[in-house]
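Overview (structure and organization)
What follows is each chain in one-letter form.
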Amino acid sequence: MVYLSSSMQIGRKLGTEIQRAGIPGTAYYDGGLLEIVPSGTYQGCVQPWTNGSNKFAGVVLGGTIPALDTMNPGGITVGSNAPPAPRGIKVGRGGQLYRFPYSSAAITNIGAAVYATDDHTITLSAQTTQIGVVADWESGFLWIDIRDYAV
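Summary of the structure given here. (Residues numbered from 1 in each chain as written. Predicted model: local features only at pLDDT ≥ 70, side-chain atom pairs only at ≥ 80, totals over all residues. Heavy atoms only, no water.)

1. Looking at the sheet that holds strand β12 (residues 132-138)
Sheet strands pair by backbone hydrogen bonding; their relative direction is either parallel or antiparallel. Put simply, the rule reads: Being paired, for any two strands, means DSSP has found at least two bridges between them. Under the DSSP-based scheme used, a helix requires at least four consecutive residues in state H or I and a strand at least two consecutive residues in state E, with every element numbered from the N terminus.
Overall, antiparallel pairing links the five strands, which are arranged β9-β13-β12-β10-β11 in an open sheet. The sheet is open, and its two edges are formed by β9 (97-101) and β11 (122-123), each paired on a single side. Here two bridges tie strand β10 (residues 113-116) to β11, and the two strands are oriented antiparallel to one another. Bridging from a neighbouring strand, A116 pairs with I122 of β11.

Written as C-alpha cells, this is what we have:
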C-alpha cells in the first residue's frame, strides 16, 4: 500500500441536498418520498416510493430539468421522450427534519422507527425498509429525521 506524501485535492459538497436522475414520464411532487430503482433501464434513478424494499433515497425538494406537468399542477414530470433526467430531481437526504401528517401523533412517538406505505404516507408499523425516526411531534404531524436512512 502506498500512502499520500502530499495533500490531495478532493471535491466536497453537502450531502443534505443532492440531485438525482428521474425517470421519463414520472411525476415528482415536493415532499414526496423517493426510492432508488434497483435494476433495469433506469437503475440508479429515483422514483416515487412504491416498493418498500428498495433503498430509500430521500424527499423531493424540487426539480431543475423536468418541465411542469399541466395535468399535475405543482408537480414535476420528466418528459416522456427524454432519457433519464440527469441529476434533475432535487432530493433532501437529511440535515433537517421533515413534517408528515400522522393522525395519532403523540409525544410517546419520539424515537420510534418510521416506515412508508407510499410516496406520502408514513407509518410506525414495521414495513420492509425503515426511512427514519420520529424526532418531534405536533398535533396531527410527526417530524421525521431521515439522515441515517437515505442513500
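What follows picks up the thread again.
2. Regarding the pattern of salt bridges
To keep it simple, the criterion reads: Between Lys or Arg on one side and Asp or Glu on the other, a salt bridge is scored when a side-chain nitrogen of the former is within 4 Å of a carboxyl oxygen of the latter.
Counted under the stated rule, the structure contains two salt bridges. Taking the shortest distance from any N to any O, the salt bridge between R99 and E138 comes out at 3.2 Å. Taken as a pair, R99 in strand β9 and E138 in strand β12 lie far apart in primary sequence, 39 residues in all. Residue D145 is joined to R147 by a salt bridge in which the shortest nitrogen-to-oxygen separation is 3.2 Å.

3. A look at empty space enclosed by the protein
Quick reminder of the rule: Using protein atoms alone on a 1 Å grid, points that fit a 1.4 Å probe yet trap it form a cavity, whereas open point sets bounded by protein on both sides within 12 Å along at least five of seven lines form a pocket; residues with an atom within 4 Å of a point count as lining. Grid points are joined across faces, edges and corners, and a volume is the space filled by probe spheres set on the points.
By the definition in use, this model includes one cavity of 30 Å³ or more. Taken together, A27, Y28, Y29, G32, L33, L34, P48, V60 and D119 form the lining of the largest cavity. Elements supplying a minimum of two residues to the lining of the largest cavity: β2 (27-29) and β3 (33-36). When residues of the lining of the largest cavity are assigned to their parent elements, the largest contribution, three residues, is made by β2.

4. A short note on the side chain of Q47
This is how the line gets drawn: Polar contact is the term for a pair of N or O atoms within 3.5 Å; when the atoms are in protein, one must be able to donate a hydrogen and the other to accept it, and sequence-neighboring residues count only if both atoms are side-chain atoms. Any pair of residues with heavy atoms lying within 4.5 Å of one another is described as a contacting pair.
Here Q47 shows up in strand β4 (residues 46-48). For Q47, the side chain forms a polar contact with the side chain of E35, separated by 2.6 Å. With near-sequence residues (within four places) excluded, Q47 lies in contact with I23, Y28, L33, L34, E35, V37 and N54.

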